[in-house]
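Below, each chain spelled out in residue letters.
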2 protein chains.
Amino acid sequence: MNKIRLGIAGCGIATRKLHLPALRKLGNIFEVAALYNRTERRSQELAGQMKPSPRVFNNYVDMLESGEIDAVDISLPPGLNNEFISQALDAGIHVICEKPISNSTAEGKKVVELAERSDRVVYIAENFRHVSKFTEASRLIESGKIGSPAFFQWQSWVRMSRDNEYVNTNWRKHPDHIGGYLSDGGVHHIAAIRLLAGDIAKVTAFSKTVSDYLGAEDTLACVMQTKNGSLVSYNVSYALYKCGMSATIIGSDGCMHIADSRITLDSHGKKDILDIDQDDSYEREFVDFHRTVCGERNILGSPLSALHDLAVIEAAVISSNTDRRVFVDSLL
Amino acid sequence: MNKIRLGIAGCGIATRKLHLPALRKLGNIFEVAALYNRTERRSQELAGQMKPSPRVFNNYVDMLESGEIDAVDISLPPGLNNEFISQALDAGIHVICEKPISNSTAEGKKVVELAERSDRVVYIAENFRHVSKFTEASRLIESGKIGSPAFFQWQSWVRMSRDNEYVNTNWRKHPDHIGGYLSDGGVHHIAAIRLLAGDIAKVTAFSKTVSDYLGAEDTLACVMQTKNGSLVSYNVSYALYKCGMSATIIGSDGCMHIADSRITLDSHGKKDILDIDQDDSYEREFVDFHRTVCGERNILGSPLSALHDLAVIEAAVISSNTDRRVFVDSLL
C-alpha cells in the first residue's frame with residue numbers, strides 16, 4: 001500500500017494541533033479521506049478548512065464501512081478507545097489510536113486482546129517513543145557512554161494553567177481515566193523512561209492534590225525498580241510552577257542530562273554537549289504506522305507497550321492511595 | 001565563659017580535616033587543651049603538629065576528670081557516642097559530638113535521654129545545618145519567593161572511590177551504623193532537607209548495592225511525605241559516577257535550584273542568580289556550640305533533631321528491605 005486513506009474519528013485538540021500538521025507533511029503516504037465527530041458541526045468546520053476537503057460522516061460505522069478508508073485515526077476520550085477500535089477491526093480497518101490506550105489497565109488489556117485477535121494493525125500513538133532526544137539518549141546508553149546505567153531520574157514540572165485549552169475539555173475536567181493528568185501526561189513520561197531504563201517491576205509513590213481545577217491528584221513523587229534492578233525516580237506536577245522537564249541518567253562511568261533539545265554528557269570525565277534536531281515526533285509516528293500497515297513489525301506503537309506505560313501510572317496511583325508498593329505485572 | 005577549653009576524643013579524619021581547621025580560626029573562643037585517641041601514637045603525632053601543643057591523655061575518663069577541659073569534642077565511630085557522651089556528662093563536661101548521633105535510632109534515643117537528664121550541653125555537630133546556601137534558601141522560601149513550597153527534590157551523586165581515605169577507615173568498611181554510607185552521608189542530606197521542607201512523616205524507598213567495597217547498600221531512591229503534606233524526592237548514590245549534589249524546590253509561584261554555591265531562583269517569572277559565600281560551616285557550628293554553652297538554646301545542634309535525621313534514613317533502609325512504607329515517628 002503506497003498511500004493510506006485515513007479516516008479521523010474525533011476533531012479535538014490532538015487531531016487539529018498534533019496529527020493534522022504532521023499528516024499535512026506526509027501527503028505522499030497519507031490521504032485524509034474522511035472525518036467523523038460526535039458533534040457534526042465541528043467535523044464540518046474542520047473539513048471546510050482542509051484541502052482537499054475530506055468527506056464528513058455523522059456516523060462512525062458508516063465511515064468505517066464506506067470503502068473510502070483503509071485506516072482510522074482515533075483521537076477521542078480514552079474511555080471510548082475500546083469500542084471504537086473494536087468496530088474498526090470488525091470492519092477490517094487498520095487503527096492508529098492516540099494514547100493512553102484506555103482509561104485503566106483492565107480496559108487496556110481488552111484493546112491488547114482485540115489487537116491480538118485481528119490481522120489488522122492496532123497502533124497506539126505515543127509520540128514520546130519517537131522524540132529524537134530520547135531515542136538518541138537510549139542509543140548513547142546502549143553504546144556504553146555512561147558505563148552500566150543504574151539510576152534514572154525524571155522530573156516534569158508542566159503546569160496546566162486554568163485557561164489551558166486541554167484543561168477545559170470536558171473529559172479532562174471530570175476524568176474517568178485513572179489519576180486524571182497523572183495518566184494523561186504520565187504515559188508519555190513512562191514511555192520515555194521505559195525506552196531509557198527498560199521495563200518497570202515495582203512502584204511506590206506519594207501523590208498530592210495542589211490545584212482545585214484539574215479533576216484529580218496533580219502531583220506525584222514516585223520511585224520504581226526496573227526488572228533489571230535499576231532505580232527510577234519519577235517526579236511530576238501539573239499544578240505547581242512550570243519549570244520544565246528533564247531527565248538525568250547516572251551510570252558507573254558517566255552521567256547524562258536531557259533537557260529541552262540538548263543532551264549533556266559526562267562520559268569517563270569527558271564532557272560533551274549534543275544539540276538534537278527537534279523533528280516532529282508526530283510525523284515520525286505516522287511514518288512508523290505506515291510501515292506497520294505495510295507489514296513491518298509494530299514495536300513503537302505496540303498496544304502491549306502502551307498498556308505497560310499505563311500500568312506503571314496505575315501502580316503509582318494505587319500505591320499512593322493504598323500506602324503500599326505495587327508490582328506492575330500484578331495489573332497486567 | 002569566654003574561652004572554652006576543649007578536649008578532643010578521636011584523632012581521625014573529621015578531627016584533623018574538618019574540626020581543627022575551624023578551631024584554628026576560633027582561638028578567641030576555643031582552646032584545644034587536650035587530646036585523646038585509642039591509639040596514643042596518633043594523638044601524640046597530632047599534638048606534636050599543633051601550637052600550642054595540647055596535653056595528650058591515654059585514658060578518656062582521665063581527660064574528662066583532669067579539670068583541664070570544659071567541653072569535649074567527640075569524633076569517633078558513631079557506635080561509641082552513647083558511652084563517650086554519658087561519661088562526659090557524668091564528669092560535668094559539655095559535649096559536641098560529630099554526626100550521626102548514633103548507629104541506630106534506638107541507640108540515638110538514649111543519647112537524647114542522656115542530654116535531657118543533664119544540665120550540660122550535648123550538641124550534635126551537623127554542619128549541613130550551618131551551610132549558608134541552605135540557610136539562605138530556607139530564608140527565601142519562608143519569605144514567599146516561590147509561593148507555597150510543595151515539592152523538594154534532592155540528589156547527591158557523591159561517589160566514594162576505592163582509594164578515598166574515609167572509605168578506608170575500618171568502621172566504615174564494616175559498618176555497624178544502619179545502612180553504612182546511607183546514614184553516614186545521608187543524615188547530612190536529611191538535615192538540609194528538613195531545614196528546607198520541615199519534618200518528615202512517611203518514607204518509602206528502594207535501595208541498591210552497586211559497589212563491592214562500601215560495606216552495605218550504596219544507592220537509594222526514596223520519596224517522602226512531610227508532616228505538612230509536601231512531597232520530597234531523595235536520590236543518592238555513593239557508588240555511581242560522581243556528578244554533584246543539588247536540590248530543586250518547586251512551589252506554587254516559583255522554583256529554586258541549589259547547586260555548588262549558587263541559588264538559581266525563578267520567582268513569579270523573574271529569574272535571579274544568587275552566589276552564596278562559601279563560609280566554613282564547621283566554624284559556624286563551633287561558634288553555635290559556644291553560644292549554647294554560654295546559655296543560648298540549642299537548636300541547630302539539638303540531639304532530637306539529629307535523631308530525626310537518622311530516623312528518616314533508618315525508615316528508608318527499613319522500607320527498602322521490607323517492601324513497605326515506614327512512619328518516621330514509629331521509630332522515635
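The model shown is predicted, which means the values in this text are computed figures rather than measured ones. (Residues numbered from 1 in each chain as written. Chains lettered and ligands numbered in written order. Predicted model: local features only at pLDDT ≥ 70, side-chain atom pairs only at ≥ 80, totals over all residues.)

A. Highlighting helix α11 (residues 303-322) of chain B. Residues and elements named next belong to chain B. End to end, α11 covers 28 Å across 20 residues, agreeing with the expected 28 Å (1.5 Å per residue, within 8%). With 16 of its 20 residues buried, α11 lies for the most part within the structure. After α11 finishes, the residue Asp 323 shows a positive phi value of roughly 60°. (Helix = DSSP H or I, 4+ residues; strand = E, 2+ residues; numbered from the N terminus. Expected span 1.5 Å × (residues − 1). Buried ≥ 20, exposed ≤ 12 C-beta atoms within 10 Å, placed from the backbone.)

B. Focus on the nonpolar core. Core analysis: the biggest nonpolar cluster contains 222 residues, and Val 95 of chain A together with Val 95 of chain B have the highest contact counts within it. Not counting the four nearest positions on each side in its chain, Val 95 of chain A is found in contact with Ala 71, Val 72, Ile 74, Ile 85, Ala 88, Leu 89, Arg 120, Val 121, Val 122 and Tyr 123 of chain A. (Core = buried A, V, L, I, M, F, W, Y, C linked by C-beta atoms within 7 Å. Contact = placed C-beta atoms within 7 Å.)

C. Representation of the environment of Ala 221 of chain B in the model. Mapped onto the elements of the fold, Ala 221 of chain B is located in strand β9 (residues 219-226). You can call Ala 221 of chain B buried: it has 30 C-beta atoms within 10 Å. Each C-alpha atom of the pair Ala 221 of chain B and Val 236 of chain B lies 6.7 Å from the other, and the pair is 15 residues apart in sequence. Residues in contact with Ala 221 of chain B, not counting those within four places in the same chain, are Val 223, Leu 231, Val 232 and Ser 233 of chain A together with Ala 205, Phe 206 and Asn 235 of chain B.

D. Geometry of the relation of the copies chain B and chain A. Note on the copies: chain B fits chain A at an RMSD of 0.0 Å, the axial shift is 0.0 Å, and the rotation between them is 180°. One copy is carried onto the other by what is essentially a two-fold rotation axis. Minimal C-alpha separation from the rotation axis in chain B is found for Arg 324 of chain B, amounting to 3.0 Å. Most of the interface of chain B is mirrored in chain A, where 100% of its interface residues again form contacts. (Least-squares fit on C-alpha atoms with pLDDT ≥ 70 in both.)

E. Examining the interface of chain B and chain A more closely. Counting residues at the interface gives 35 residues for chain B, matched by 35 residues for chain A. Taken together, the residues of the side of chain B that touches chain A break down into 17 nonpolar, 12 polar and 6 charged. (Nonpolar A, V, L, I, M, F, W, Y, C, P; charged D, E, K, R; others polar.)

F. How the structure looks around helix α1 (residues 13-24) of chain B. Residues and elements named next belong to chain B. Compared with the 16 Å implied by 1.5 Å per residue over 12 residues, the 16 Å span of α1 between its first and last C-alpha is a close match. Those residues of α1 that sit buried are Ala 14, Thr 15, His 19 and Leu 23. Projected down its long axis, α1 shows its buried positions confined to an angular sector of 80°, all on one face. For α1, exposure combined with an orientation more than 90 degrees from the buried face picks out Lys 17 and Pro 21. At its buried positions, α1 is contacted by β1 (4-9), β2 (30-36), β4 (71-74), β5 (94-98) and α10 (281-293). (Arc of directions from axis to C-beta.)

G. Region of the structure containing the pairing of strand β8 (residues 200-208) of chain A. Residue and element names in this part refer to chain A. Bridge count between β8 and strand β9 (residues 219-226): 8 bridges; the pairing is antiparallel. Looking at β9, one finds that Thr 204 is bridged to Val 223. Sheet topology note: the β8/strand β15 (residues 326-327) ladder contains 2 bridges and is antiparallel. Across the sheet, the residue bridging to Val 203 is Val 326, located in β15. (Pairing = 2+ DSSP bridges.)

H. Region of interest: the sheet that holds β2 of chain B. Residue and element names in this part refer to chain B. Strand order in the open sheet made by the 6 strands is β3-β2-β1-β4-β5-β6, with parallel pairing throughout. Edge positions in the sheet fall to β3 (55-57) and β6 (122-125), since each of these pairs with one other strand and no more. Each strand of the sheet is rotated relative to its neighbour by a mean of 25°, with strand direction disregarded. Pairing of β4 with β5, which is carried by 4 bridges, proceeds in the parallel orientation. Residue pairing in the sheet places Asp 73 in a bridge with Ile 96 of β5. Each of β1, β4, β5 and β6 touches helix α4 (residues 81-90); the most contacted strand, β5, lies at about 165° to it. (Axes fitted to C-alpha atoms, helices over the stretch in contact; angles between N-to-C directions.)

I. Layout of the sheet that holds β15 of chain A. All names here are of chain A. Across the sheet, 9 strands lie side by side as β14-β13-β12-β11-β7-β10-β9-β8-β15; this open sheet has mixed pairing. Either end of the sheet is taken by a strand with one partner, and the two such strands are β14 (270-275) and β15. Of the strands in this sheet, β8, β9 and β15 touch helix α11 (residues 303-322), which is tilted by about 50° from β8.

J. Main features of the packing of helix α4 (residues 81-90) of chain A against helix α5 (residues 105-117) of chain A. Residue and element names in this part refer to chain A. Closest axis-to-axis distance for the α4/α5 pair is 9 Å, and the angle between their directions is 10°. The orientation of α4 with respect to α5, classified from their angle, is roughly parallel. Where α4 approaches α5, its residues Asn 81, Asn 82, Ile 85, Ser 86 and Leu 89 are matched on the opposing element by Glu 107, Lys 110, Val 111 and Leu 114. Classifying every residue of the contact of α4 with α5 by side-chain character gives 4 nonpolar, 3 polar and 2 charged. (Parallel < 35°, antiparallel > 145°, perpendicular 65-115°, else oblique.)

K. Just the packing of helix α5 (residues 105-117) of chain B against α11 of chain B, in detail. Residue and element names in this part refer to chain B. Interhelical geometry of α5 versus α11 gives an angle of 175° and a closest axis separation of 9 Å. Classified by the interaxial angle, the pair formed by α5 and α11 is roughly antiparallel. On α11, the residues that touch Thr 105, Gly 108, Lys 109, Val 111, Val 112 and Ala 115 of α5 are Pro 303, Leu 304, Leu 307, Leu 310, Ala 311 and Glu 314. Across the contact of α5 with α11, the residue classes break down as 8 nonpolar, 2 polar and 2 charged.

L. Spatial organisation of the domain arrangement of chain A. All names here are of chain A. The domain architecture assigned to chain A consists of domain 1 (4-126 + 282-297) and domain 2 (129-279 + 310-331). Between the C-alpha centres of domain 1 and domain 2 the distance comes to 27 Å. Contributing elements (two or more residues each) for the side of domain 1 that touches domain 2: α5 and α10 (281-293). The leading source of residues in the side of domain 1 that touches domain 2 is α10, at 4 residues. A breakdown of the residues in the side of domain 1 that touches domain 2 according to their chemical character gives 5 nonpolar, 6 polar and 6 charged. (Domains from an automatic or database assignment.)

M. Expanded view of the pairing of strand β13 (residues 262-267) of chain A. Residue and element names in this part refer to chain A. Two strands pair when backbone bridges link them, and strand β12 (residues 254-259) and β13 are joined in this way by 6 bridges, in the antiparallel orientation. Pairing of Ala 259 across the sheet is with Arg 262, part of β13. Between β12 and the antiparallel strand that follows it, β13, lie 2 residues; Asp 260 among them carries a positive phi value of about 50°. Here 6 bridges tie β13 to β14, and the two strands are oriented antiparallel to one another.

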